[in-house]
Amino acid sequence: SLSVSLCLSLSLSVSLSVSLSVSLSVSLSEKSVSSKSTPTDLVTEADQQVEDLIISTLRERFPSHRFIGEESSAAGEKCVLTDNPTWIIDPIDGTCNFVHSFPMVAVSIGFAVKKELEFGVIYHCFDGTLYTARRGHGAFCNGVRLQVSKEKDMSKALILTEIGAKRDPNTLDIFLGNMKKLLSAPVHGVRIIGSSTLALCHIASGAAEAYYQYGLHCWDIAAAAVIIREAGGCVIDTTGGPLDLMSRRVVAAGSQEIADYVVQQLQPISYGRDDHDP
Ligand code: IPD
Ligand code: CA
Ligand code: CA
């Protein structure tokens, strides 16, 4: 049942935190770091190990379920969401932070049935906070109920975003142009913390009003989308339409007003889809 799954993933996240905390104390020179799609798209041995641990543990309990994991996808497994129960896993979100021991690193596990996100768990490995949500049952941080910001005035908003792996001049120009537009709106501030999942958790907790990103993946948003919605927020496409998990685009906000405002400011950056459609 779903509650069994939820309990399992919670205890899994906690036990993972123990192994990750050990890795976190390892110095940069001792971490085995390599790159994937681009020189700035980093991966460590720990990313693969954590994903293997999560998938093997869950597969033993739920042999018929499907899995989408960042490292399995990087190794060539198809990233397609079907109607079957599917776990969507980012074993280490914020790998660049992890490599530098910058304290914003998380494990993210989402679960979907019939393409609908049912629950999400995000574990902040450095400070031990556990964000959880189940559709229709609220969102929590270490058991305390989460509530998004009620701010509707953009001039009082704190906005979060992430850069993504593409760093060609044109992409960077659009990225900076979007930030400039928001900063000169003016909003209170724009922040980049290096972990999409934790940034999204800050929207759920009301610490910031909106998040937008081009180039994130389904495993960056699956768990967080449930957590934000259950905290009363909205998660949509950068075009203003409904979220498409595979589209690599998102706007999340405490209020529809703020989300709509952000949507209007953004110039799009195009990324290929996670499910490899053109
Ligand atoms: C990345 C981080 C980063 C964001 C990228 C993500 P990873 O995840 O969340 O902040 O800009 O889009 O892919 O590679 O550390 O799991
Ligand atoms: Ca990752
Ligand atoms: Ca990630």
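If you check an unreviewed UniProt entry, the protein appears there as Inositol-1-monophosphatase from Pygocentrus nattereri. A UniProt comment under Pathway (unreviewed entry) is attached to the protein, and it reads "Polyol metabolism; myo-inositol biosynthesis; myo-inositol from D-glucose 6-phosphate: step 2/2." The Catalytic activity (unreviewed entry) field of the UniProt record for the protein holds the comment "a myo-inositol phosphate + H2O = myo-inositol + phosphate".

### Side note on the nonpolar core
Among the nonpolar cores identified, the biggest contains 43 residues, and I88, I122 and I221 are the most heavily contacted of them. Mapped by element, the contributors of at least two residues to this core are β5 (106-113), β6 (116-124), β7 (130-134), β8 (139-141), α6 (196-204), α7 (218-230) and β14 (249-253). Ranked by residues supplied to this core, first place goes to α7 with ten residues. Among the nonpolar cores identified, the runner-up in size contains 23 residues, and C234, V262, L266 and I269 belong to it.

### Quick look at the pattern of salt bridges
Throughout the structure, instances matching the rule amount to nine salt bridges. When the shortest N-O distance is used, the salt bridge between D153 and K156 registers 3.8 Å. Judged by relative accessible area, D153 falls into the partly exposed class, the value being 32%. For K156, a relative accessible area of 45% puts it in the partly exposed group. D275 is the salt-bridge partner of R273, the closest N and O atoms lying 2.8 Å from each other. What makes R273 partly exposed here is its relative accessible area of 23%. Salt bridges linked by common partners bring K36, E70 and E71 together as one network.

### A word on the coordination of the calcium ion (ligand 3)
Protein-derived coordination of the calcium ion (ligand 3) comes from D90 (OD), D93 (OD) and D220 (OD), at a distance range of 2.1 to 2.3 Å. Site description for the calcium ion (ligand 3): donor spacing in sequence, D-x2-D-x126-D. A gap of 3.8 Å separates the calcium ion (ligand 3) and the calcium ion (ligand 2), which D90 links by coordinating each metal. D93 carries the same exposure label as D90, and that label is buried.

### Digging into the coordination of the calcium ion (ligand 2)
All of the protein donors around the calcium ion (ligand 2) are E70 (OE), D90 (OD) and I92 (O); their distances to the metal are 2.1 to 2.3 Å. When the donors of the calcium ion (ligand 2) are listed by position in the chain, the intervening gaps give E-x19-D-x1-I.

### Regarding the site of ligand 1
Taken together, 15 residues are adjacent to ligand 1, and D93, G94, E162, S196 and Q213 come closest. One of the side-chain N or O atoms of E70 is found 3.2 Å from an oxygen atom in ligand 1. One nitrogen or oxygen atom from the side chain of E162 is found 2.7 Å from an oxygen atom belonging to ligand 1. For ligand 1, whose free accessible area comes to 370 Å², the fraction covered by protein is 87%. The cavity where ligand 1 resides is the largest pocket. Broken down by element, the shell around ligand 1 gets its largest block of residues, three residues, from strand β4 (residues 86-93). Domain assignment of the residues forming the shell around ligand 1 places at least three in each of domain 1 (2-145) and domain 2 (154-265).

### Topic: the UniProt feature "binding site: Mg(2+) 2" (unreviewed entry) in the protein
In the numbering used here, UniProt assigns the "binding site: Mg(2+) 2" (unreviewed entry) feature to D90, D93 and D220. The greatest C-alpha distance among the annotated residues, which extend across 131 residues, is 7.4 Å, indicating that they converge on a single site. The subset of the named residues that lines the largest pocket consists of D90, D93 and D220. One can find D93 in strand β4. Not counting residues within four places of it along the chain, the set of residues in contact with D93 comprises M104, V105, A106, S195, S196, T197, L198 and D220. Mapped onto the elements of the fold, D220 is located in helix α7. D220 gets classed as buried once you look at its relative accessible area, which sits at 6%. When neighbours within four sequence positions are excluded, D220 is seen to be in contact with D90, D93, S196, T197 and L200.

### Points about the pairing of β6
Counted residue by residue, β6 has eight buried out of nine residues, so it is predominantly covered. Sheet analysis places β5 next to β6, joined by eight bridges and oriented antiparallel. Each bridged residue has a counterpart across the sheet, and for F111 the counterpart in β6 is F119. From the end of β5 to the start of β6, which pair antiparallel, there are two residues, and K114 there has a positive phi angle of about 50°. The sheet contact formed by β6 and β7 spans five bridges and is antiparallel.

Thresholds, definitions, all that
- Residues numbered from 1 in each chain as written.
- Chains lettered and ligands numbered in written order.
- Predicted model: local features only at pLDDT ≥ 70, side-chain atom pairs only at ≥ 80, totals over all residues.
- Heavy atoms only, no water.
- UniProt positions renumbered as here; feature names shortened; annotations may be inferred.
- Core = buried A, V, L, I, M, F, W, Y, C linked by side-chain atoms within 4.5 Å.
- Buried < 20%, exposed > 50% of the residue type's maximum accessible area, 1.4 Å probe, protein only.
- Helix = DSSP H or I, 4+ residues; strand = E, 2+ residues; numbered from the N terminus.
- Salt bridge = Lys/Arg side-chain N within 4 Å of Asp/Glu carboxyl O.
- Donors = N, O, S within 2.8 Å, 3.2 Å for Na, K, Ca; no water.
- Near = heavy atom within 4 Å.
- Polar contact = N/O pair within 3.5 Å; in protein donor to acceptor, adjacent residues only side chain to side chain.
- Areas by Shrake-Rupley, 256 points an atom, 1.4 Å probe, with all protein chains shown as cover.
- 1 Å grid on protein atoms, 1.4 Å probe; cavity = no way out; pocket = protein on both sides within 12 Å on 5 of 7 lines; lining within 4 Å.
- Sits in = over half its atoms within 2 Å of the grid points.
- Domains from an automatic or database assignment.
- Contact = heavy atoms within 4.5 Å.
- Pairing = 2+ DSSP bridges.

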